[in-house]
Amino acid sequence: MWHGYFVVERATIGGGNWDALRALFEAMGTLDSVFPADNNHKRTRLDDDAVIHESNFNPGEVSIGDFKQLLADEFGVPVEEIGSVTTADDYAGHGTTVWTFSYNAVDRFIVRRFGGGGTWQESGAECRSYIKLYQAAWELAE
Amino acid sequence: MGMLYGASRALLGGAKKSYIDKVLATNPIAYWPQNEKSGLVAIDQVNSPAQDGAYTGVTLNALAGPDGQPTPFFDGALDFSNIHTATLAGAFNGAEGTVMVWARVAQPPDDPWTDGSIRILLELRADAQNRVVIRKNAGANTLTWIYEANNVVETVSQAGMMTTDWFMVAMAWDKPNERIDYYLDGAPIGFDISLGAWAGLLGATTTVVGATNTTPATPWHGYLAHVPIWDRALAPAEIADLAVV
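To keep things clear, this report deals only with the structure shown in the data block. (Residues numbered from 1 in each chain as written. Chains lettered and ligands numbered in written order. Predicted model: local features only at pLDDT ≥ 70, side-chain atom pairs only at ≥ 80, totals over all residues. Heavy atoms only, no water.)

**Regarding the overall build of chain B**
Here is step 1: Per the secondary structure count, chain B includes four helices and 17 strands.
Here is step 2: Relative to the 2.2 N^0.38 estimate, which gives 18 Å for 245 residues, the radius of gyration of chain B is 17 Å and therefore close to what a compact globule would have.
Here is step 3: Judged by the C-alpha coordinates and their principal axes, chain B covers about 55 × 45 × 35 Å.
Here is step 4: Counting only residues that meet the buried cut, chain B has 56% of its 245 residues in that class.
Here is step 5: A fraction of 60% describes how many contacts in chain B between residues 6 or more apart in sequence connect residues 24 or more apart. (Helix = DSSP H or I, 4+ residues; strand = E, 2+ residues; numbered from the N terminus. Rg over C-alpha atoms; globule rule 2.2 N^0.38 Å. Buried < 20%, exposed > 50% of the residue type's maximum accessible area, 1.4 Å probe, protein only. Contact = heavy atoms within 4.5 Å.)

What follows is the structure, encoded as structure tokens:
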């Protein structure tokens, strides 16, 4: 299992597809634990175009292959037609994997796996720093 | 033989009472110790299950609280406890009341006191003009207490907050006597007079331990425990006594 955080940022994707994908993200990970931290829970950006999830995930769930399959299934196309680019960011010194998924040469959504698959603490630190960096989009003004 | 808190059975010949019992003896209308070791429910010691809260994301039993009981960790990103119920909303008194929270920031190497983010300890809000808020400011090392009723804002801030140990905050408002008192670790730190007239019921998504709302916006990063609410303004001596565990 991997306990950590990831964010999905909407790029160019229709509202219906985005809502369907969001429902799939909510179905990932653990859903029935007696420990609140383990269950998939989320935080939505103020404009509804990005969502952070935290849970105890199966290792393969928060993976490039899994997200490509989700998008392929949503569009009803073979997974081979889903493109992906892997880059990296760093918000708190622990590193974050960034996957950009595309279809028909158009970026559809971006996943940032905070901590790059590292520890829960590292993932949390990256997530908090990401929220702080984009505070105007995620937080209420003082 | 009377009962004293924290004293042993052998010395007094009576049962040792817990801090929870001490709080309950002051007759709060609601009280969430947040000492669960598992489960999604924040049990209200006054009126369960009618006023039980719901945890989202917190890590239970993460650290010993001021009384040695388990306390949950709030991750400063997605975690909160929603304490709204229709029963609480009906019982809450916006004109006379007291709230209290024990809090501790996340431990080093994290330093929430200087992280530049607003972080909420407790928010009880009917709407933008009627709310009770205790928060850490975006500005470094500062706590702020806010009572707003009918758009009349009463507030005090405490600078120089650096502790990584448990601290206790409280606020007691009394509209009939036109006074609100603010407390840190049981000691008064200020007061205001001429309060506004509270209107409205607590909101379903804005009655929260550890965040502004259930989004959760401005979430707490650290530990929160012992959250009682009263429908009267506690006296300074009562607040001082509750600061002693």
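**Quick notes on the overall build of chain A**
Here is step 1: Counting its regular elements, chain A contains four helices and six strands.
Here is step 2: Along chain A, from the amino end to the carboxyl end, the secondary structure elements read β-α-β-β-α-β-β-β-α-α.
Here is step 3: Against the compact-globule benchmark of 14 Å for 142 residues, chain A has a radius of gyration of 14 Å, which places it among compact chains.
Here is step 4: Structurally, chain A occupies a C-alpha span of about 40 × 35 × 25 Å along its principal axes.
Here is step 5: Relative to its full complement of 142 residues, chain A shows a buried share of 50%.
Here is step 6: Restricting to contacts in chain A with at least 6 residues of sequence separation, those with at least 24 account for 58%.
Here is step 7: Accessible surface, chain A as shown: approximately 6,100 Å² in total, 50% of it carbon and sulfur. (Areas by Shrake-Rupley, 256 points an atom, 1.4 Å probe, with all protein chains shown as cover.)

**Things to note about the sheet that holds strand 6 (residues 106-114) of chain A**
Residues and elements named next belong to chain A.
Here is step 1: Read from one edge to the other, the open sheet built from six strands follows the order 2-3-1-6-5-4, with strand pairing classed as antiparallel. Where the open sheet ends on each side, the last strands, each with one partner, are strand 2 (41-44) and strand 4 (82-89). Direction aside, neighbouring strands of the sheet carry axes that sit 20° apart on average.
Here is step 2: Relative to strand 5 (residues 96-103), strand 4 is paired through eight bridges, and the arrangement is antiparallel. For Thr87, the partnering residue across the bridge sits in strand 5 and is Val98. (Pairing = 2+ DSSP bridges. Axes fitted to C-alpha atoms, helices over the stretch in contact; angles between N-to-C directions.)

**Regarding the pairing of strand 2 of chain A**
Residues and elements named next belong to chain A.
Here is step 1: Pairing geometry for strand 2 and strand 3 (residues 50-57), over four bridges, is antiparallel. Of the residues in strand 3, the one forming a bridge with Lys42 is His53.
Here is step 2: Counted between consecutive antiparallel strands, the loop separating strand 2 from strand 3 contains five residues, among which Asp48 sits at a positive phi close to 70°.

**Some words on the sheet that holds strand 11 (residues 152-158) of chain B**
Residue and element names in this part refer to chain B.
Here is step 1: Strands sit in the order 2-3-6-15-8-9-10-11 across an open sheet of eight strands; the sheet is antiparallel. Here the strands that pair on one side only, and so sit at the sheet edges, are strand 2 (41-42) and strand 11.
Here is step 2: Both strand 3 (residues 53-56) and strand 6 (residues 80-82) contribute to a ladder of three bridges, which runs antiparallel. In the strand pairing of strand 6, Tyr55 is matched with Ser81.

**A few points about the interface of chain B and chain A**
Here is step 1: Each side of the interface is counted separately: chain B has 33 residues, and chain A has 23 residues.
Here is step 2: Buried area between chain B and chain A, both sides added, is near 1,900 Å², and the carbon and sulfur share of it is 60%.
Here is step 3: The tally of links between chain B and chain A comes to nine residue pairs in polar contact (both at pLDDT 80 or more).
Here is step 4: Among the elements of the structure, strand 3, strand 4 (59-64) and strand 5 (70-75) of chain B are those that each provide at least two residues to the side of chain B that touches chain A.
Here is step 5: Considering only residue class, the side of chain B that touches chain A consists of twelve nonpolar, 14 polar and seven charged. (Buried area = accessible area lost by both parts, 1.4 Å probe. Polar contact = N/O pair within 3.5 Å; in protein donor to acceptor, adjacent residues only side chain to side chain. Nonpolar A, V, L, I, M, F, W, Y, C, P; charged D, E, K, R; others polar.)

**Quick word on the nonpolar core**
Here is step 1: Among the nonpolar cores identified, the biggest contains 44 residues, and Phe167(B) and Met171(B) are the most heavily contacted of them.
Here is step 2: Ignoring anything within four residues of it in the chain, the contact list for Met171(B) reads Gly97(B), Thr98(B), Val99(B), Val132(B), Val133(B), Ile134(B), Trp145(B), Ile146(B), Tyr147(B), Ile180(B), Asp181(B) and Tyr182(B). (Core = buried A, V, L, I, M, F, W, Y, C linked by side-chain atoms within 4.5 Å.)

**Here we look at the packing of helix 1 (residues 15-26) of chain A against helix 2 (residues 64-75) of chain A**
Residues and elements named next belong to chain A.
Here is step 1: Where helix 1 meets helix 2, the axes come as close as 10 Å, and the angle between the chain directions of the two elements is 135°. It follows that helix 1 is oblique to helix 2 by the angle criterion. Read as a crossing pair, helix 1 and helix 2 show a hand that is right-handed. For the pair formed by helix 1 and helix 2, the contact residues are Gly16, Asn17, Ala20, Leu21, Leu24 and Phe25 on the first element and Phe67, Leu70, Leu71, Glu74 and Phe75 on the second.
Here is step 2: Residues that form the contact of helix 1 with helix 2 fall into these classes: eight nonpolar, two polar and one charged. (Parallel < 35°, antiparallel > 145°, perpendicular 65-115°, else oblique. Left-handed = near helix turned anticlockwise from the far one by under 90°.)

**Here's the deal with the side chain of Arg113(A)**
Residue and element names in this part refer to chain A.
Here is step 1: Here Arg113 shows up in strand 6.
Here is step 2: As a buried residue without a salt bridge, Arg113 has its nearest oppositely charged side chain in Glu122, at a separation of 10 Å.
Here is step 3: Polar contacts involving the side chain of Arg113 include one to the main-chain carbonyl oxygen of Val62, which spans 3.4 Å.
Here is step 4: Those residues in contact with Arg113 that lie beyond four places of it in its chain are Trp2, Tyr5, Phe6, Val62, Thr96, Thr97 and Trp99. (Lys, Arg positive; Asp, Glu negative; His and termini not counted. Salt bridge = Lys/Arg side-chain N within 4 Å of Asp/Glu carboxyl O.)

**Overview of the packing of aromatic side chains**
Residue and element names in this part refer to chain A.
Here is step 1: Applying the stated criterion to the full structure yields 24 aromatic pairs over all chains.
Here is step 2: Here Phe114 and Tyr130 contribute two aromatic rings whose centre-to-centre distance is 5.1 Å and whose plane-to-plane angle is 55°, an arrangement assigned as tilted. Here Phe114, found in strand 6, pairs with Tyr130, found in helix 3 (residues 120-133); they are 16 residues apart in sequence, far enough to count as distant. With respect to class, Phe114 is no different from Tyr130; both count as buried. (Phe/Tyr/Trp six-rings, centres within 6.5 Å; stacked < 30°, edge-to-face > 60°.)

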